[in-house]
Amino acid sequence: MEKTEINGYPHVAYRRDTYELDEVEKRSQEFHDWLDTRRTVRDISDKPISRKVIENLIMAGSTAPSGAHKQPWTFCAISNPELKKEIRKAAEKEEYDSYHGRMSERWIRDLKPIGTDWNKPFIEEAPWIVIVFKRVFEVIDGEKHNNYYVNESVGIACGMIISAIHKAGLVTLTHTPSPMNFLTKILERPENERPYLLLPIGYPKDEVYVPDLKRKELDEVAEFYE
Ligand code: IYR
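Model, not experiment: these values are computed from the prediction.

## Quick look at the site of the ligand
Link 1 in the chain: Neighbouring residues of the ligand: E95, Y99, W107, L111, K120, H175 and T176.
Link 2 in the chain: One of the side-chain N or O atoms of Y99 is found 2.9 Å from an oxygen atom in the ligand.
Link 3 in the chain: Within the side chain of K120, a nitrogen or oxygen atom sits 2.4 Å from an oxygen atom of the ligand.
Link 4 in the chain: Bound to the protein, the ligand loses 71% of the 370 Å² it would expose on its own.

Next up, the structure:
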């Protein structure tokens, strides 16, 4: 049966390939090994990227599961140089204040191995920046309806777009200027949206170095109850 009704709503048959367990083990291992090659890259080339690529990446992020399927996100994609410049300037102003007093000494020390500072050239240099906004509520017939599990949903969507960027052979980094309400103003977003994350997207520059980080081992991130 291709279609049925549940609670009076149309449902369609879920049909996907499944695999024997040895193949499942192989596929899950291969996917982890590939995902493990993703690195946050701060040196993004200005080499152009077509709008179609960005559209595909956004639609990949937008496949994320969300509370009651409300898809409570708006992805603002910016290639306009003046706008990128304005956003960089405003972000660097906040970051300067953060790195010079708002962040604790311990926080600054924790960032030393990562090598970040208040300068954010990637905002201007990357061909595109995508700013993810969470939609706290929707206005329907003049009435406010809160969305559900907004942070969880938008966080998952960000994970999915980050993976899509990696799959495309491009790089990004999760930039969180704080506070970031300046983005609401510059992009003239409506009152139901709040900035969540800024993702510059592009090719890596020719010679790029990333911190020699190690990821935690399984026994550090998991507990099994068998
Ligand atoms: N938001 C700042 C600082 C920063 C904070 C953390 I936690 C990082 O892992 C990296 C940076 C910035 O984007 O530079």
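That was the structure; now back to the text.
## Overview of the nonpolar core
Link 1 in the chain: The biggest cluster of nonpolar side chains holds 22 residues, and the ones touching the most others in it are I54, L57, F75, V132, I161 and I201.
Link 2 in the chain: At the level of secondary structure, the elements contributing two or more residues to this core comprise α2 (51-61), β3 (73-78), β4 (128-135), α6 (150-167) and β8 (193-202).
Link 3 in the chain: Looking at this core element by element, the count peaks at eight residues for α6.
Link 4 in the chain: Once residues within four sequence positions are removed from consideration, I161 is found in contact with L57, I58, G61, F75 and L199.
Link 5 in the chain: Counting residues in each nonpolar core, the second largest holds 21 residues, with I87, I123, L173 and L183 among its members.

## Structural notes on the environment of I78
Link 1 in the chain: Take I78: it is sitting in strand β3.
Link 2 in the chain: With relative accessibility at 5%, the residue I78 sits in the buried group.
Link 3 in the chain: As a C-alpha pair, I78 and I131 span 53 residues in sequence and 8.0 Å in three-dimensional space.
Link 4 in the chain: Sequence-distant contacts of I78, defined by excluding residues within four places in its chain, comprise L83, K84, I87, P127, W128, I129, I131 and L187.

## Remarks on the packing of aromatic side chains
Link 1 in the chain: According to the stated counting rule, one finds two aromatic pairs in the structure shown.
Link 2 in the chain: Ring centres of F31 and W34 lie 5.7 Å apart, and the angle between their planes is 40 degrees; on these two criteria the pair is classed as tilted. Of the two residues, F31 and W34 are both situated in helix α1 (residues 21-35); the distance of three residues between them amounts to about one turn of the helix.
Link 3 in the chain: Given a relative accessible area of 49%, F31 falls into the partly exposed group.
Link 4 in the chain: A centroid spacing of 5.1 Å and a plane angle of 80 degrees characterise the contact between Y96 and W118, whose relative ring orientation is edge-to-face.

## Focus on the state of the cysteines
A disulfide bridge is the covalent bond that connects two cysteines by way of their sulfur atoms.
Link 1 in the chain: Using the criterion set out here, one finds zero disulfides in the structure.
Link 2 in the chain: Note on C76: no disulfide assigned, nearest cysteine sulfur contributed by C158 at a separation of 12 Å.

## A short note on the environment of T18
Link 1 in the chain: If you trace the backbone, T18 turns up in the loop between β2 (9-12) and α1.
Link 2 in the chain: Between the alpha carbons of T18 and I44 there is a distance of 38 Å; along the sequence they are 26 residues apart.

## Some points on α2
Link 1 in the chain: For α2, every residue scored as buried is listed here: I54, L57, I58 and G61. For α2, the angular spread of the buried residues around the axis is 100 degrees, confining them to a single face. In α2, the exposed residues that point more than 90 degrees away from the buried face are K52 and M59.
Link 2 in the chain: Here the buried face of α2 lies against β3, β4, α6 and β8.

About the cut-offs
- Numbering of residues begins from 1 in every chain and follows the order in which that chain's sequence is written.
- Since the coordinates come from a predicted model, pLDDT governs what is reported: local features require at least 70, and pairs of side-chain atoms require 80 or more to be given and counted, while whole-chain, interface and lining totals use all residues.
- Remark: hydrogens and water are excluded; side-chain values derive from all non-hydrogen atoms of the structure.
- Near is defined per residue: the residue qualifies when any heavy atom it owns lies within 4 Å of the molecule or strand.
- The term polar contact refers here to a pair of N or O atoms within 3.5 Å; inside protein, the definition further demands a hydrogen-donor-capable atom paired with an acceptor-capable atom, and it admits residues adjacent in sequence only when both atoms are side-chain atoms.
- Methods summary: accessible areas were calculated by the Shrake-Rupley approach with a probe of 1.4 Å, and residue burial reflects only the protein chains presented.
- Here, nonpolar core refers to any group of buried Ala, Val, Leu, Ile, Met, Phe, Trp, Tyr and Cys residues whose side-chain atoms link them within 4.5 Å.
- For every residue, the accessible area (1.4 Å probe, protein chains only) is compared with the maximum for its type, and the residue is labelled buried under 20%, exposed over 50%, or partly exposed between those bounds.
- Elements are defined by DSSP. Helices are runs of H or I of four residues or more, strands are runs of E of two residues or more, and each kind is numbered from the N terminus.
- We call two residues contacting when some pair of their heavy atoms lies within 4.5 Å.
- Pairing of aromatic side chains requires ring centres within 6.5 Å, counting the rings of Phe and Tyr and the six-membered ring of Trp. Pairs whose planes differ by under 30 degrees are stacked, by over 60 edge-to-face, and all others tilted.
- Working definition: a disulfide is two cysteine sulfur atoms within 2.5 Å of each other.
- Summarising the geometry, the arc corresponds to the directions from the helix axis toward the C-beta atoms.

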